[in-house]
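Given next are the chains, with one letter for each unit.
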Amino acid sequence: MPTLICALIWGMMAWPAMAHGDEAHGLEPAWTFDPWIVVPLGMMAVLYCVGAARLARRTRRPGGMHRRICLYSAGTLTLAGALLSPLHWLGEHLFTFHMIEHEIVMAVSAPLIVLARPIGILLWGLPARARMAAGMLMRAPLLRGPWDRGTSATCATILHGVAIWAWHVPIVFDAAVTNPAVHRFQHLTFFATAILFWWALVWRSDYGSAAWHLFFTMIHTSVLGALMALAPRVLYVAQTQAAMAWGLTPLEDQQLAGMIMWVPAGTIYAGAALTMLALWIRGSSERKAQNV
């Protein structure tokens, strides 16, 4: 662990942190090294690897843990790819790619990590005393109460929806594009509320309720995407100002971004809703068969 921390610190000093918005960038797509993203992702990866190794030595049925490790790895890799790969660089220049980045964070990375249920494994990555202290802190009413309320299906759906709509107010979105700190907070808000949303639906809701909340989220995000795609004028001036250099008009860039939120992202929510609905129907059929 100390060796890794030293390596991360050295990397932060040796690599220039790529900024957002109107700071200087090269002309070619490049990987982004932002210590505010790299360090947390690196530390979480180390904790997870250590915790998984410790639990693997204790469990007699590693199959279930292998699936969780694969899900968590996929979620973390897609999250890192969205925030650090050339996709992020492109997102700073084109609204279209910025929208793809956000949808990966909220509709791909977050549900994969939630399905992996990583909290227990992450705790096992801590030293014994720190693990016990963290466990006690997580069970404390001061944290447990807000978590329980935040992961109720209705509350989580509202929080996630408010975050999506609030950040897509044009003046707010442009502020995030031009200010690195605001941009990081935007990503954190999207990811955190997405984790609450998917956790509530996967682990704290019945299949029927989860399907309803997913359909509702699909509808309101599709409406937001349609408003952007069908707008007669440019709404996001700062975000689309570089579009001409990429062969698009600012309005076309905005329209493509809206279409991505409207159709592909809506399809993900619809697919998840249909899956929940199918599971609900199967469960109802099995219960009826048992009662006959």
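Residues numbered from 1 in each chain as written. Predicted model: local features only at pLDDT ≥ 70, side-chain atom pairs only at ≥ 80, totals over all residues. Heavy atoms only, no water.

Participant: Please provide a residue-by-residue account of the layout of surface pockets, values included.
Facilitator: Of the volumes computed, that of the largest pocket is approximately 1,200 Å³. Around the largest pocket, the lining is made up of 33 residues, and of these Met44, Leu122, Leu188, Phe191 and Ile195 lie nearest the centre. Taken together, the elements giving at least two residues each to the lining of the largest pocket come down to helix H2 (35-56), helix H3 (62-84), helix H5 (95-116), helix H6 (119-124), helix H8 (141-150) and helix H11 (180-203). The element contributing the most residues to the lining of the largest pocket is H11, with 9 residues. Of the residues assigned to the lining of the largest pocket, the class counts are 27 nonpolar, 2 polar and 4 charged. (1 Å grid on protein atoms, 1.4 Å probe; cavity = no way out; pocket = protein on both sides within 12 Å on 5 of 7 lines; lining within 4 Å. Points joined across faces, edges and corners; volume = space filled by probe spheres on them. Helix = DSSP H or I, 4+ residues; strand = E, 2+ residues; numbered from the N terminus. Nonpolar A, V, L, I, M, F, W, Y, C, P; charged D, E, K, R; others polar.)

Participant: Give me the side chain of Gln254: which residues, what numbers.
Facilitator: Mapping Gln254 onto the fold places it in helix H14 (residues 250-262). Excluding residues that lie within four positions of it along the chain, Gln254 makes contacts with Phe95, Met228, Ala231, Arg233, Val234, Leu235, Tyr236 and Thr240. (Contact = heavy atoms within 4.5 Å.)

Participant: Requested: an account of the packing of aromatic side chains, with residues and values cited.
Facilitator: Between two aromatic rings, the relevant description is the distance of the centres plus the angle of the planes. Per the counting criterion, the structure on display carries 12 aromatic pairs. Residues Trp167 and Phe185 carry aromatic rings whose centres are separated by 6.0 Å and whose planes lie at 65 degrees to one another, so their mutual orientation is edge-to-face. Of this pair, Trp167 sits in helix H9 (residues 153-167) while Phe185 sits in helix H11, and the two are 18 residues apart along the sequence. Among the aromatic residues, those joined into a cluster by ring pairs are Phe95, Phe173 and Tyr236. The residue whose ring lies beneath Arg131 is Trp124, and the NZ or CZ to ring-centre distance is 4.1 Å. (Phe/Tyr/Trp six-rings, centres within 6.5 Å; stacked < 30°, edge-to-face > 60°. Lys NZ or Arg CZ within 6 Å of the ring centre and 35° of its normal.)

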